[in-house]
Protein chains: 2
Amino acid sequence: MSISTELPSTHNHSNCINAALTMATQLCVERGVQLTSIRQQVLELIWTNHHAVKAYDLLERIKPLQSAAKPATIYRALDFLMAQGFIHRVESLNAFIGCCDLKTAHEQLLLICKQCKNVEERHADVVMQALVQELQNANFIAHSKAIEIQGICENCSQTLNTEIPA
Amino acid sequence: MSISTELPSTHNHSNCINAALTMATQLCVERGVQLTSIRQQVLELIWTNHHAVKAYDLLERIKPLQSAAKPATIYRALDFLMAQGFIHRVESLNAFIGCCDLKTAHEQLLLICKQCKNVEERHADVVMQALVQELQNANFIAHSKAIEIQGICENCSQTLNTEIPA
DNA sequence: AATTGATATGTTATATTGTAACAAATTAAC
DNA sequence: GTTAATTTGTTACAATATAACATATCAATT
């Protein structure tokens, strides 16, 4: 049995990378902050695919480019990218993904596929509105919201279904 | 300025502890699994209050009772207690809390107060229903759901409001 | 161009969180 | 009582993250 570890073939990933980098560059100019080469390299490495990436994997991957890189190098870049909203931390994986929606910067739903490791970010406005209402009911002042769902994505469950004989 | 780190005075915490231990004991009998003394002690230590507790803090706290305790001692007990649904892992804190709702065992909303460190578990049925619908829309098969909100709880924001002069 | 202040990076060391692997002990079932 | 399964002890280490301080870079002003 083969297992899908890819996104649908309709997905042209270079579009994702280009859009993210262009947008980040533009926003940094607007905000008067510096997208230094280390920060840009880390952002590009995170955007290698739609998997969540671990800090120490980033460290290994950046070493050919930045031979002096140490853990702090990566964590500082990650802190910057998170502060700017360019990436998300996936709490349940201790890992990081690129943010797919830099314009609205809503906090969103993360669908984490255990099979292919892709993480999909969804708007889920209905869920978010219900959540905001519930937080009001609780008189809770939210600073950050993380909704992380672990399971099997559509693509993987279809692949499994069609490849396992009855 | 004083800062509240307590629950409202209406809260009688020994009720929480007793209920949790009684229920856990009963469920272990029903399920034919062993609530050994280590496991029970860890569960009690988690229920010391409504804060999320870190594994290594539990290790320090259990040492007077179990002098041979090592990290694995704690992590095994935590694994057991999670498998039985007696505790939750708080992903965004790398910490653990007692589950307040052993009967229904719904996955719930965690409200994490940065001020007093208490973690409140809420049913939030509307949110959960919206979430289930959204997951159906996405054709995502969920195995676990974590909704973790960081912020300031009702009690702390009231305390702050009344104690900071205008 | 030199000075300054702010920001970013280099570097070392260490803290924190979590697991693997195998031996020994305990418990439950026969 | 013997056996099989489960639990615990123990050692070692892997993986994740931060503290602290030195150095370098950059941009704005003298």
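Residues numbered from 1 in each chain as written. Chains lettered and ligands numbered in written order. Predicted model: local features only at pLDDT ≥ 70, side-chain atom pairs only at ≥ 80, totals over all residues. Heavy atoms only, no water.

## Quick word on the pattern of salt bridges
Two side chains of opposite charge can pair, provided their charged atoms sit close to one another. Stated formally: Salt bridges are identified by distance alone: a Lys or Arg side-chain nitrogen within 4 Å of an Asp or Glu carboxyl oxygen. Burial classes: relative accessible area under 20% of the type maximum marks a residue as buried, over 50% as exposed, and values in between as partly exposed (1.4 Å probe, protein chains only).
Applying the stated criterion across every chain yields a total of 8 salt bridges over all chains. Salt-bridge contacts for arginine 89 of chain A lead to glutamate 91 of chain A; the nearest nitrogen and oxygen are separated by 3.0 Å. Note on arginine 89 of chain A: relative accessible area 29%, which makes it partly exposed. In this structure glutamate 91 of chain A comes out as buried when scored by relative accessible area, which is 18%. Members of the salt-bridge network, linked through shared partners, are Glu120 and Arg122 of chain A together with Glu134 of chain B.

## Section: the relation of the copies chain B and chain A
Rules: Each copy is superposed on the other by least squares, with the fit set by C-alpha atoms of residues at a pLDDT of at least 70 in both. Any pair of residues with heavy atoms lying within 4.5 Å of one another is described as a contacting pair.
Mapping chain B onto chain A is achieved by rotating through 180° and translating by 0.0 Å along the same axis, at an RMSD of 0.0 Å. Taken together, the rotation and translation describe the operation of a two-fold axis. Scanning chain B for the C-alpha nearest the rotation axis identifies isoleucine 147 of chain B, at a separation of 2.2 Å. Both copies share a contact surface, since 100% of the interface residues of chain B are interface residues in chain A too.

## Focus on the protein's contact with DNA strand D
Using the following cut-off: Nearness is defined per residue: one heavy atom within 4 Å of the molecule or strand is enough. Two N or O atoms count as a polar contact when they lie within 3.5 Å, although within protein this holds only if one can serve as hydrogen donor and the other as acceptor, and sequence-adjacent residues are included solely when both atoms are side-chain atoms. What counts as a helix is a DSSP run of H or I of at least four residues, what counts as a strand is a run of E of at least two, and both are numbered from the N terminus. Under the grouping applied here, Gly and all other residues not named as nonpolar or charged are polar, the nonpolar ones being Ala, Val, Leu, Ile, Met, Phe, Trp, Tyr, Cys and Pro and the charged ones Asp, Glu, Lys and Arg.
Neighbouring DNA strand D are 16 residues; Lys54, Tyr56 and Arg89 of chain A together with Thr36 and Arg76 of chain B lie closest to it. Contacts to DNA strand D include arginine 89 of chain A, whose side-chain N or O atom sits 2.7 Å from a phosphate oxygen. One of the side-chain nitrogen or oxygen atoms of threonine 36 of chain B is found 2.7 Å away from a phosphate oxygen of DNA strand D. If you list the elements that add at least two residues to the surface near DNA strand D, you get helix 4 (71–83) of chain A together with helix 2 (37–46) and helix 4 (71–83) of chain B. When grouped by side-chain class, the residues that make up the surface near DNA strand D number 6 nonpolar, 4 polar and 6 charged.

## Considerations on the protein's contact with DNA strand C
Taken together, 15 residues surround DNA strand C, and among them Thr36 and Arg76 of chain A together with Lys54, Tyr56 and Arg89 of chain B come closest. Near-protein atoms of DNA strand C (within 4 Å) split between backbone and bases, with sugar and phosphate holding 47%. Here arginine 76 of chain A contributes a side-chain N or O atom positioned 2.4 Å from a base oxygen of DNA strand C. Arginine 89 of chain B is positioned with one of its side-chain polar atoms (N or O) 2.7 Å from a phosphate oxygen of DNA strand C. Of all elements in the fold, only helix 2 (37–46) and helix 4 of chain A together with helix 4 of chain B reach the threshold of two or more residues within the surface near DNA strand C. Its residues placed into classes, the surface near DNA strand C shows 6 nonpolar, 3 polar and 6 charged.

## Notes on the pairing of strand 1 (residues 87–90) of chain B
All names here are of chain B. Applicable threshold: Criterion used throughout: strands pair if DSSP finds at least two bridges between them.
When strand 1 meets strand 2 (residues 95–98), the two strands line up antiparallel, connected through 4 bridges. Following the sheet pairing, histidine 88 is matched in strand 2 by isoleucine 97. Hairpin connection between strand 1 and strand 2: a loop of 4 residues separates the two successive antiparallel strands, and asparagine 94 in this loop has a positive phi of roughly 50°.

## Quick notes on the sheet that holds strand 3 (residues 109–113) of chain A
The condition is simple: Comment: axis = line fitted to C-alpha atoms, over the contacting stretch for helices; angle = value between 0 and 180 degrees taken between N-to-C directions.
What the 6 strands build is an open sheet, ordered 4(A)-3(A)-5(A)-5(B)-3(B)-4(B); its pairing is mixed. Sheet topology places strand 4 (119–122) of chain A together with strand 4 (119–122) of chain B at the edges, where each strand pairs with a single neighbour. With strand direction ignored, the average angle separating the axes of adjacent strands in the sheet is 20°. One ladder, built from 4 bridges, connects strand 3 of chain A with strand 4 of chain A; its direction is antiparallel. Its bridge partner being in strand 4 of chain A, leucine 111 of chain A is matched across the sheet by glutamate 120 of chain A. Docked against the sheet, helix 5 (residues 125–137) of chain A engages strand 3 and strand 5 (141–152) of chain A together with strand 3 (109–113), strand 4 and strand 5 (141–152) of chain B, running at close to 135° with respect to strand 5 of chain A.

## What about the packing of aromatic side chains?
Aromatic ring pairs are reported here in terms of the distance separating the ring centres and the angle at which the planes meet. Residue and element names in this part refer to chain A. The condition that has to hold: Pairing of aromatic side chains requires ring centres within 6.5 Å, counting the rings of Phe and Tyr and the six-membered ring of Trp. Pairs whose planes differ by under 30 degrees are stacked, by over 60 edge-to-face, and all others tilted. By definition here, charges over rings are those cases where NZ of Lys or CZ of Arg is within 6 Å of the ring centre and within 35 degrees of the ring normal.
The final tally for this structure, using the stated rule, is 2 aromatic pairs over all chains. With centroids separated by 6.4 Å and ring planes inclined at 65°, the aromatic side chains of tyrosine 56 and tyrosine 75 adopt a geometry described as edge-to-face. Taken as a pair, tyrosine 56 in helix 3 (residues 55–62) and tyrosine 75 in helix 4 lie far apart in primary sequence, 19 residues in all. Here the guanidinium or amino end of arginine 39 rests over the ring plane of phenylalanine 80, the centre of that ring lying 3.9 Å away.

## Side note on the packing of helix 2 of chain B against helix 4 of chain B
Residues and elements named next belong to chain B. Basically, it comes down to this: In what follows, roughly perpendicular refers to angles from 65 to 115 degrees, roughly parallel to angles under 35, roughly antiparallel to angles over 145, and oblique to any angle outside these ranges.
Relative orientation of the contacting elements helix 2 and helix 4 amounts to 80°, with a least axis distance of 9 Å. When the axis of helix 2 is compared with that of helix 4, the two are roughly perpendicular. On the side of helix 2, the interface is formed by Ile38, Arg39, Val42, Leu43 and Ile46, while helix 4 contributes Thr73, Ile74, Ala77, Leu78, Phe80 and Leu81. Here the contact of helix 2 with helix 4 is composed, by residue class, of 9 nonpolar, 1 polar and 1 charged.

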